[in-house]
Amino acid sequence: MKKIVAALAALAICATALITPAFAQDKKFTIALVPGLTTDGFYITMRKGAQAAADALGVTLVFQGASDFNPVTQVPVLDAVIAKKPDAILIAPTDKVQLVEPLRKANDAGIPVITVDTFIGSGVYQTGAGEADFPLSYIASDNILGGEIAARALVKAIGGKGKVYVSNVKPGISTTDQREEGFKKEMAKHPDITVLETQFNDDDANKAASQLQATFARNSDLVGVFGANLFSAIGAANGVKQAGQSGTIKVVAFDAPVSIVDNINTGLVDVAIAQHPAEIGYFGVVPAYAHLTGQSIPVAIGTGFTIMDKSNIADPNISKYLYSE
């Protein structure tokens with residue numbers, strides 16, 4: 001993680017050379033980062049990447065969010081951030097519909113909005129069409145591609161045949177919706193694999209475990225599950241263990257906190273798809289700063305993935321992408 005942050009800081013320093021010096025000297029900008037929640041390793045790592053860029057660019061970074069991934073708790077935090085009048089807001093919206101109007105308040109107040117990790121509306125911005133195209137840019141992993149990568153990993157793990165399903169959070173979350181979409185798109189290429197009905201667990205690992213056992217009770221030939229986020233994956237994996245099917249029902253997890261190492265080494269989880277949240281945070285701050293200093297910025301920036309399993313988890317070039325805790 002330290003190597004990633006150092007590399008991002010170096011990139012931010014290089015980016016400074018692209019900014020008009022006169023602007024940089026006139027004002028010290030404040031950029032607010034509103035995460036999906038404050039306690040998750042993914043967003044903690046994103047904050048570190050954002051801070052590296054902020055330090056290099058001379059920006060004040062404010063990190064303020066709720067303790068759970070929920071629009072009901074995120075909106076009051078956002079309102080409080082808007083009231084402080086930062087120069088720009090980076091936000092991971094917790095719902096692609098319910099956050100449209102709250103974010104419009106920021107836009108109407110003249111505060112530029114960039115979404116990170118998740119999006120509002122369709123995630124396609126600055127088109128002049130639709131109610132949610134006002135954010136300047138969307139910086140995130142390509143979650144459809146991430147779902148496809150997860151599907152390919154699961155296909156390999158199960159030998160290309162059998163029944164599988166997606167353990168997901170709930171409809172309406174842009175990232176997990178897209179991961180499921182990509183997973184099913186890839187699985188459609190494999191006629192010997194049947195994708196069962198998606199199980200929604202409301203981000204409750206215990207519920208995900210119970211759903212795994214119930215699905216297995218109805219489908220004794222279940223061979224795999226894709227957890228569209230970490231709680232879904234760990235919950236489903238615990239369900240596999242409780243059903244006495246460890247090693248038989250394969251589990252692919254999306255996201256990779258440090259704790260995933262033990263899960264992989266013990267066989268609880270077979271594969272983890274790691275995003276690069278430090279890069280998302282970094283690429284959020286730099287375009288915000290560029291916009292504030294009169295530069296044009298891209299409407300979308302994509303970041304990468306790293307596939308982790310027992311064969312490579314000890315490799316420093318792989319483990320460096322584990323999230324902070």
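Notes on the structure follow.

The rules behind these values
Residues numbered from 1 in each chain as written. Predicted model: local features only at pLDDT ≥ 70, side-chain atom pairs only at ≥ 80, totals over all residues. Heavy atoms only, no water. Salt bridge = Lys/Arg side-chain N within 4 Å of Asp/Glu carboxyl O. Helix = DSSP H or I, 4+ residues; strand = E, 2+ residues; numbered from the N terminus. Buried < 20%, exposed > 50% of the residue type's maximum accessible area, 1.4 Å probe, protein only. Contact = heavy atoms within 4.5 Å. Pairing = 2+ DSSP bridges. Axes fitted to C-alpha atoms, helices over the stretch in contact; angles between N-to-C directions. Parallel < 35°, antiparallel > 145°, perpendicular 65-115°, else oblique. Nonpolar A, V, L, I, M, F, W, Y, C, P; charged D, E, K, R; others polar. Core = buried A, V, L, I, M, F, W, Y, C linked by side-chain atoms within 4.5 Å. Left-handed = near helix turned anticlockwise from the far one by under 90°.

### Comments concerning the pattern of salt bridges
Part 1 of the reasoning: A complete count under the given rule lists twelve salt bridges for this structure.
Part 2 of the reasoning: Ionic pairing is found between Arg 104 and Glu 101, a salt bridge with its closest N-O pair at 3.3 Å. One end of the pair is Arg 104 and the other is Glu 101, both in helix α5 (residues 100–108) and three residues apart, which spans about a single turn.
Part 3 of the reasoning: Overall, the relative accessible area of 19% leaves Arg 104 in the buried class.
Part 4 of the reasoning: Two residues, Arg 104 and Glu 131, come together in a salt bridge whose shortest N-O distance is 3.3 Å. Within this pair, whereas Arg 104 is found in helix α5, its partner Glu 131 is found in the loop between β4 (113–116) and β5 (137–141), the two being separated by 27 residues in sequence.
Part 5 of the reasoning: When its relative accessible area of 58% is taken as the criterion, Glu 131 is described as exposed.

### Focus on the side chain of Glu 148
Part 1 of the reasoning: Examined against the element boundaries, Glu 148 turns out to sit in helix α6 (residues 143–158).
Part 2 of the reasoning: Using a relative accessible area of 10% as the deciding quantity, one classes Glu 148 as buried.
Part 3 of the reasoning: Once residues lying within four places of it in the same chain are set aside, the contact partners of Glu 148 are Gly 182, Phe 183, Lys 185 and Glu 186.

### Points about the sheet that holds strand β2 (residues 60–63)
Part 1 of the reasoning: Pairing within the open sheet is parallel, and its six strands lie in the order β2-β1-β3-β4-β5-β12. Strand pairing shows two members of the sheet lacking a second neighbour, β2 and β12 (300–303), which therefore form its edges. With direction set aside, neighbouring strand axes in the sheet form an average angle of 15°.
Part 2 of the reasoning: Sheet analysis places strand β1 (residues 30–34) next to strand β3 (residues 88–91), joined by four bridges and oriented parallel. Considered in β3, the bridge of Leu 33 is made with Leu 90.

### Here we look at the packing of helix α4 (residues 71–83) against α5
Angle between the axes and distance between the axes: these two values describe a pair of packed helices.
Part 1 of the reasoning: The interhelical angle for the contact between α4 and α5, taken along N-to-C directions, is 5°, at an axis separation of 10 Å. With respect to each other, α4 and α5 are oriented roughly parallel. Counting all contacts with α4, which are made through Val 75, Leu 78, Asp 79 and Ile 82, the residues of α5 involved are Pro 102, Leu 103, Lys 105 and Ala 106.
Part 2 of the reasoning: Residue composition of the contact of α4 with α5, grouped by class: six nonpolar, no polar and two charged.

### Some points on the nonpolar core
Part 1 of the reasoning: Core analysis: the largest hydrophobic core is formed by 35 residues, its most contacted members being Ile 31, Leu 33, Leu 90, Val 116 and Val 285.
Part 2 of the reasoning: Secondary-structure elements contributing two or more residues to this core are β1, α3 (41–57), β2, β3, β4 and α11 (277–292).
Part 3 of the reasoning: Counting residues per element, this core draws most heavily on α11, at eight residues.
Part 4 of the reasoning: Residues within four places of Leu 33 in sequence aside, it is in contact with Met 46, Arg 47, Ala 50, Leu 61, Val 62, Phe 63, Gln 64, Leu 90 and Val 116.
Part 5 of the reasoning: Among the nonpolar cores identified, the runner-up in size contains 27 residues, and Leu 222, Ile 264, Ala 274 and Tyr 321 belong to it.

### A closer look at the environment of Ser 67
Part 1 of the reasoning: Position of Ser 67 among the secondary structure elements: in the loop between β2 and α4.
Part 2 of the reasoning: According to the relative accessible area criterion, Ser 67 is exposed, its value standing at 54%.
Part 3 of the reasoning: Sequence separation between Ser 67 and Pro 35 is 32 residues, and the spatial gap between their C-alpha atoms is 9.6 Å.
Part 4 of the reasoning: Residue contacts for Ser 67: discarding those within four places in its chain leaves Leu 37, Thr 38 and Thr 39.

### Observations concerning the packing of α6 against helix α7 (residues 174–187)
Part 1 of the reasoning: The N-to-C vectors of α6 and α7 enclose an angle of 45°; their axes lie 6 Å apart at closest approach. Considering their axes alone, α6 and α7 lie oblique with respect to each other. For α6 against α7, the interelement crossing comes out right-handed. Across the interface between the two elements, Asn 143, Ile 144, Gly 147, Glu 148, Ala 150, Ala 151, Arg 152, Leu 154 and Val 155 from α6 touch Thr 175, Gln 178, Arg 179, Glu 181, Gly 182, Phe 183, Lys 185, Glu 186 and Met 187 from α7.
Part 2 of the reasoning: Of the residues belonging to the contact of α6 with α7, the class tally is seven nonpolar, five polar and six charged.

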